[in-house]
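Fold and contact review
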Amino acid sequence: MRPPRLLVALTGAVSAGLVAARAARTAAPKVRLSGAGGTAPAPDRPGPRTGPRAWAELLRVSALFTVPGDALAGAAAVGRNPGRGTALAVGASLCLYEAGMALNDWADRDEDAVDRPHRPIPSGRIAPGAALAAAGALTAAGLTLAARAGRPALTVATGLAATVWAYDLHLKHTPAGPAAMATARALDLLLGAVATVSYTHL
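Within every chain, residues take consecutive numbers counted from 1 along the sequence as written. Local features in a predicted model are, by the rule used here, given only for residues with pLDDT of at least 70; side-chain atom pairs are given and counted only at 80 or more, and totals for whole chains, interfaces and linings are based on all residues. Where side-chain values are given, they derive from all heavy atoms of the structure, hydrogens and water being excluded.

Once that is clear, we can look at the overall build of the chain. Labels follow the DSSP assignment, with helices taken as runs of H or I lasting at least four residues and strands as runs of E lasting at least two, numbered in each case from the N terminus. Summing up its helical and strand segments, the chain has 8 helices and 0 strands in all. Secondary structure elements in the chain, listed N-terminal to C-terminal, are α-α-α-α-α-α-α-α. Residue burial is assigned from relative accessible area. The probe radius is 1.4 Å, only protein chains are included, and a residue is buried under 20% of its type maximum, exposed over 50%, and partly exposed in between. Counting across all 202 residues of the chain, residues that qualify as buried make up 41%. Here, two residues are considered to be in contact whenever any of their heavy atoms come within 4.5 Å of each other. Across the chain, contacts joining residues at least 24 apart in sequence account for 81% of those joining residues at least 6 apart.

Written out as structure tokens, the structure is:
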């Protein structure tokens, strides 16, 4: 391993995560209240149509191509070519990312009912319980993939999963939100580095 290169990569990941968090918070839509009582009018909602399209929207499938970069950068940071351990880290990262997306919409379902009624949960296309169950299943799948890369990778993935759940359920609405997002980004990169190295020593 080459600690200096990994340290530089982790520092860059933390910085990128903080910038992304601040940008996301700045761009977040504000709640607009209207009417004499100060409440928003009830939106027109489409009938429930649970299906692949609704799940793809909930899980932000179009953004998945951005996820593998951290694991690949982690492998590069330790001076190794991507291998099976790296692939397992990518798979774990994808699962944990998707878990975070499902959990995010579950946690924000009441706010989304006012601000974004077209989202899968408030529109009735996906039940809240189904979204929460999906978040749990995807988290378990991510940890299982990480475990196959070795115990060190599972340890890092567990920390990443805990950070994702803590952020979605509480921290994103607190001053600690940006730091939690940056930590998740750094742990994702570290997962790629550790999985690449630990798998070769199994």
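Okay, back to it.
On the secondary structure map, D105 appears in helix α4 (residues 84-107). Contact partners of D105, with chain neighbours within four places excluded, come to L58, R60, D112, R119, P120 and I121.

Before going further, it helps to spend a moment on the environment of A73. Summarising the element assignment, A73 is placed in helix α3 (residues 68-77). For A73, a relative accessible area of 31% gives the class partly exposed. Between the C-alpha atom of A73 and that of L189, which follows or precedes it by 116 residues, the distance is 6.5 Å.

Attention now moves to α3. When α3 is considered as a whole, its buried residues turn out to be D70, A71, G74, A75 and A77. With its buried residues spanning 160 degrees around the axis, α3 presents them on a single face. The arc refers to the directions leading from the helix axis to the C-beta atoms.

Our focus in this paragraph is the nonpolar core. Residues belong to a common nonpolar core when they are buried Ala, Val, Leu, Ile, Met, Phe, Trp, Tyr or Cys residues joined through side-chain atoms within 4.5 Å. A89, A149, A153, V156, L160, L191 and A195 are the most contacted members of the largest nonpolar core, which has 19 residues in total. Those elements that place two or more of their residues in this core are α4, α7 (151-169) and α8 (177-200). With 6 residues, the top contributor of residues to this core is α7. Counting 11 residues, the second largest nonpolar core, distinct from the first, contains L58, A102, I126 and A135.

Running from N to C, α4 and helix α6 (residues 128-148) point in directions that differ by 165 degrees, and their axes come no closer than 8 Å. The angle between α4 and α6 falls in the class roughly antiparallel. Taken as a pair, α4 and α6 cross one another with a handedness that is left-handed. Along the contact surface, α4 presents R84, L88, G91, A92, C95, L96, E98, A99, A102, L103 and W106, while α6 presents P128, A131, L132, A135, L138, T139, A141, G142, L145, A146 and R148. Three categories are distinguished: nonpolar for Ala, Val, Leu, Ile, Met, Phe, Trp, Tyr, Cys and Pro, charged for Asp, Glu, Lys and Arg, and polar for the others, with Gly belonging to the last. Residues belonging to the contact of α4 with α6 are distributed by class as follows: 16 nonpolar, 3 polar and 3 charged. Axis lines are fitted through C-alpha atoms, for helices just across the contact stretch, and the angle between N-to-C directions can take any value from 0 to 180 degrees. Relative orientations are named as follows: roughly parallel for angles under 35 degrees, roughly antiparallel for angles over 145 degrees, roughly perpendicular for angles from 65 to 115 degrees, and oblique for any other angle. Crossing handedness is read from the near helix: turned anticlockwise from the far helix by less than a right angle, it gives a left-handed crossing, and turned clockwise, a right-handed one.

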